[in-house]
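Coordinates in review
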Amino acid sequence: MSLAVSTAPALVLNELEVFYRVRGRDRHVLRGVSFEIAPGESYGLVGESGCGKSTAALAIVRYLPRNGGVGSGSISVAGRDVLALGERDLREFRARSVSMVYQNPGSALNPSIRVGAQVAEAFTVLGVPGGEATERARAALERVQIADPGSVMSRYPHQLSGGMQQRAVIAMALAKDPALLILDEPTTGLDATVEAEVLDLVSQLQAELSTSVLFISHNLGVISKMCSRVGILYAGRLVEEGPVETVLQDPRHPYTVGLLRCIPRGGVRKDHGRLDTIPGFLPSLGEDAPGCVFASRCALADERCGSEEPPLAAVASGHESRCWYHERAQELPREEVADIDLAPVDRTGEPLIELSKLTKIFKQRGHEVHALTDVNAAIWPGETLGLVGESGSGKTTLARTLLGILEPTVGIASLDGDPLPTRYQKRSQAELRALQIVFQNPDSALNRRHSVRRILLRSLKKLAGLGGRAADQRALELADRVRLTERTLTQKPVQLSGGLKQRVAIARAFAGDPKLVVCDEPTSALDVSVQAAILNLLVELQAEQRVSYLFISHDLGVVRYISDRIAVLYLGRIQELGPADVVFDGPHHPYTEALLSAVPTVDGGGRERIRLEGDIPSAASPPSGCVFHTRCPRKIGAICEETEPPLVEVEPAHDMRCHIPLDELRRLQATVLEPVA
Amino acid sequence: MSTVAAAPARSEASVARRERMQALLRSPSFLIGAAVILFWIVCAILGDRITPFDPRFDQTNDLSQAPSSEHFFGTDHLGRDVFSRVLAGSRDILLIAPAATLIATILGTTLGLVTGYLRGIADDTVSRVIDAVLAIPLILMAVTVVAALGSRSVWTIIIVISIVFTPVIARTVRAAVLGEAGLDYVEAARLRGERSPYVMFSEVLPNVMPPILVEATIRLGYAIFAVATLTFIGFGLQPPSPDWAVQIVDNYQYLSEEWWTVLFPAIAIASLVVAVNLVSDSVQQVLER
Amino acid sequence: MIVFAAAQLLPGDVGRSVLGRDATQEAVAEYNREHGTDRAAVVQYLDWVGGAVHGDLGNSLIPPEPPVWEVLRPALVNSLKLALYAFLLVVPLGILGGIVAGLRVGRAADRGITVAGLSLAVVPEFVTGLVLILAFSIWLGWLPVTAQWDEGAGPLTQVKYLTLPAIALAIVLFGYIARITRAGVVEALDADYTRTAFLKGLPRSTVIRRHVLRNALIPTIAVVATQVGYLLGGLVAIEILFNYRGIGLTMVEAAQLKDFTLLTAGVLIIGLVYLLVTLVADILFVLLNPRIRFEAAE
């Protein structure tokens, strides 16, 4: 139970101002931020990159980098003034009252010290003697549902999976029963099913211990699942705050409204109900313009917004917004109004791409890693095939094999009916221009030393065979099509934002009028509002050019939005393949079912969580029979362990790999599955 | 449908370059280092013209004089004015070291690019050879090669130092190339049909220039070090050159009696070497921002 | 092999250079025949390698032509003594310097150590050696000028004689070791796991001791091995300066006299020593780095 049964709020931020000293000038990262977290409450802090949310967390624990500092304002945790703490008290404060769990658990743990010792440290710092600390460490690991804590304790961090590592970190954090637990993007980077488990764990522990939680994330879906109240941060200012359902259902700030419209939700598809975008760019760090911080991008803004900054005012009980026109917030005019006119895919002719019996086995240190096994699929012209799967599913391997970067062990890929040489070095220039790729990371996808113009001109030369004036002309056209200004052509990638860089990458891929573009997590590294713009661009290009996409993403909402058909991969095998709506709505494969239930959505509610036990098995030793049987909650018996079900067409255009017949699945999935205790 | 405006440019490329130059000029180590180097370069160019006495031949009958107002650094056992010799002694070393560094950089970069990018058997064998060569201390390598070549001319020394430094530079460049070659833009280039030479020189090379530059400036310091040491052990420049290391070799047996004939050339060497190091350090600091 | 190849390129035959310009043609031919240096290069090399594998490194080419090993062994021992002394001086100091610099990045102590270390590293050893001799031997008279002690001198005397040369060697290496250590410390300080440690409430000294240093020193260990290479190289100039009969001095003389058997053998020995040290360092590196020692999770 919590130590101090105080009624003091767990956290109070009052007019907090934080700055960073960059090149001799102080730039404000947070301005006048105030909010409170009551004891036992969980509060979500949401914003895109650069809004200052992580800075807030670091300020609370007083771990700002050397060039950062608190300008004014106060922070208090459980009634104590954090900023006034002396050296000694600060240590005690960190040891007892506040804990932080952040992204990338692998690096949060010291690679040279065994896990058990690190967890025990959380106790010894409280004065607990060594032996007892070890015992309590073991108990803590049990509490986070690690089976066999003894063996985990004796291992080094890199020997544990990502999910286990995060559990260990959570165990360390909650060991001291803190008044406040700060979570900063704790599940970004984890697989969907693992993420769901970690979040469930946090909810459970929070309920048990009545810890107050500050949950920082860019993902509104996660926040809506985990928190009771939410604060929206934009450019260092709190622009809206209130209970989660209210803010999400009845947003009262144009930024929140815009943000919600950017997120692909159920029912919104590329050809009906386009994603909206937020025009303009985040103000640069420390740019202290007068007036409302969002004015430059707000379609509702007028003169008053540009000169006078609105205060954070109540719009309803417990719900506040920083906008002069908050009553009209939801009338924010849309940026993207018209629906795209996308011709339906014609599947009567020959498919553009055919993958048959594609298998890839890697040899790694004596093991055989089965990355892909017997994959058969087709993509028609103008179609988007979405590829869904967690780590180890083989989706990246599939894309790379298609492009010829990897050579398949068995099987072949064909373009327009003709088999493609397995290595891209052996492919003709025509074949190369037909298959292009957009990478995940815009920073590494473009050559930092080349100007945008040079990048485009080179692609035009190699892929379209154009030179001289014709190439210059086309470069301008390309830039225009992806909505880049002429000025951008002279710039180098370092001078561009992530969204702009990705546009350049897309322009480059389209230089030769490709027939299929592989999109490998093209928006995963981008903010939500930028993501929406890029997705819209991809759809537009598809409408204009009838290009096909092989779209890989771990974000199910995005995949559903943009895909015509979806393939679900698990351990290198296609488990399900069918039209997007059918795959998502069901009846569907038990793995798809679990995957969908694991993803928290903004629309909230709905599905019951289906928990998958254990970790994803290694591709080096896949389970016998149906590879999913070790975790399948709908396993019917020995047949699942012994025989691998074939991929069969269970209804027109819908293939599935499961022993359970479709009607049976339909019946089972209509009733709500008992939540696993 | 609005056109997406270009992002507020953080700084144009030329402004960034200017900022870097300004940072360099503000750095005290750069200024001191550059000043010293410049001084010695001037001495090297003007040579005999600015020395009060002829550095090569004995001018006076004042043998082995301690420093005085007439001979600032004293005279050596042959009656030569040490001050003049010190001033004139920078020429040879300022010719040899940069030349050798340049050659080694060009060769080493090419080698590093080829092995780092192409990998395969070429990389395996060449790297193995480089490792074997680097196992032998550089000085000994140099000594051996000089012995093999027989002559002791300036060109021999340049060649020897180039040969000895090329593997070191190749290894650094290879490491940098390995880091770059894994990035997506390289793959994108290959996927549009670019051939290896193009990818190596037009795509990868511009991105590894900063570490190459830093390495080259560091090597320059070591080149000076190498020339001096080679001369000292007898395999470099020869008398009657006024080169500093030659002076030291000539005179160090008289160290206890005529310390001035050794100390001043030694300080000269140290000053040049430290200056080069200061410059390379400040360049590295600025490029690492 | 490289040495031999290089040697064969050189013009003029071995016999003549050994016996000198004035020797008669017959004497030269006789010498060459005796030593087999009139045979083809490849044959000579293979012959030598065959001998080496059996432990016979051949004989020096200079009269009285003692077996190479007899010449090299004492020289090697001497050099190792000096190298060890220098090593014991520089490694702890260098690491300490690097740690201090890394913990106080950007401040006076850091800039001082870094700049001083790097500057001194590039100054040739004989220059620093000379300055040291001047200062400590000639002007202050604390330590002897050359490193030649009398026969049968005890270890303490030997240390006294070796101090100046060891310091000269150490100065050159100090900068490099300090820089690598500093980089390791800086990287470890910035790491997420250090943040976790601080946020657990651990005092700074514990964080540094238990979390930072452990990881910071791993790259340093790897580098220290390569430093041995520089150490061996620096030996040459120092030995000449201090007139110390170590392997460096011996090799240089061999090169001057074109005694290629000795030279080849010497290079081989040095290469072996270097390989041995690298091997030890690699083993240490693996032992200290749990990531390599234990297989990562599947």
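Quick look at the structure, then. (Residues numbered from 1 in each chain as written. Chains lettered and ligands numbered in written order. Predicted model: local features only at pLDDT ≥ 70, side-chain atom pairs only at ≥ 80, totals over all residues.)

**Observations concerning the overall build of chain C**
Helices and strands together make up the secondary structure of chain C, namely 13 helices and zero strands. Reading the helices (α) and strands (β) of chain C from amino to carboxyl end gives α-α-α-α-α-α-α-α-α-α-α-α-α. For chain C, with 298 residues in total, the buried portion stands at 44%. Long-range pairs, those at least 24 residues apart, make up 70% of the contacts in chain C with a sequence separation of at least 6. (Helix = DSSP H or I, 4+ residues; strand = E, 2+ residues; numbered from the N terminus. Buried ≥ 20, exposed ≤ 12 C-beta atoms within 10 Å, placed from the backbone. Contact = placed C-beta atoms within 7 Å.)

**Things to note about the interface of chain C and chain B**
Listed by partner, the interface residues are 37 residues for chain C and 39 residues for chain B. Elements supplying a minimum of two residues to the side of chain C that touches chain B: α1 (2–9), α6 (108–122), α7 (125–139), α10 (204–242), α11 (247–257) and α12 (260–288) of chain C. Element by element, the count of residues in the side of chain C that touches chain B is highest for α7 of chain C, at seven residues. Partitioning the side of chain C that touches chain B into residue classes produces 31 nonpolar, five polar and one charged. (Nonpolar A, V, L, I, M, F, W, Y, C, P; charged D, E, K, R; others polar.)

**Overview of helix α9 (residues 196–232) of chain B**
Residues and elements named next belong to chain B. Its 37 residues place the ends of α9 only 45 Å apart at the C-alpha level, less than the 54 Å of an ideal helix rising 1.5 Å per residue. The largest bend in α9 amounts to roughly 60 degrees and is located at Leu205, with the proline Pro206 lying one to four residues further along. Immediately beyond the C-terminal end of α9, within one or two residues, lies Gly234, with a positive phi of roughly 100 degrees. (Expected span 1.5 Å × (residues − 1). Bend = angle between axes of the 7 residues up to and from the residue.)

**Observations concerning the sheet that holds strand β17 (residues 418–419) of chain A**
Residue and element names in this part refer to chain A. Read across the open sheet, the four strands follow the order β14-β13-β16-β17; overall the sheet is antiparallel. Pairing within the sheet leaves two strands with one partner each, and these edge strands are β14 (367–379) and β17. Alignment of strand β16 (residues 410–415) against β17, held across two bridges, turns out to be antiparallel. Following the sheet pairing, Ser414 is matched in β17 by Pro419. Against the sheet, helix α13 (residues 395–403) contacts β13 (353–364), β14 and β16, and its axis sits at roughly 70 degrees relative to β14. (Pairing = 2+ DSSP bridges. Axes fitted to C-alpha atoms, helices over the stretch in contact; angles between N-to-C directions.)

**Some words on the packing of helix α8 (residues 184–191) of chain B against α9 of chain B**
Residue and element names in this part refer to chain B. With their axes 11 Å apart at the nearest point, α8 and α9 run at an angle of 145 degrees to one another. Relative to α9, the crossing made by α8 is right-handed. Only Val199, Glu203 and Val204 of α9 make contact with α8, whose side of the interface consists of Tyr185, Val186, Ala189 and Arg190. Partitioning the contact of α8 with α9 into residue classes produces five nonpolar, no polar and two charged. (Left-handed = near helix turned anticlockwise from the far one by under 90°.)

Don't take any of this as a statement about function, it's just geometry.
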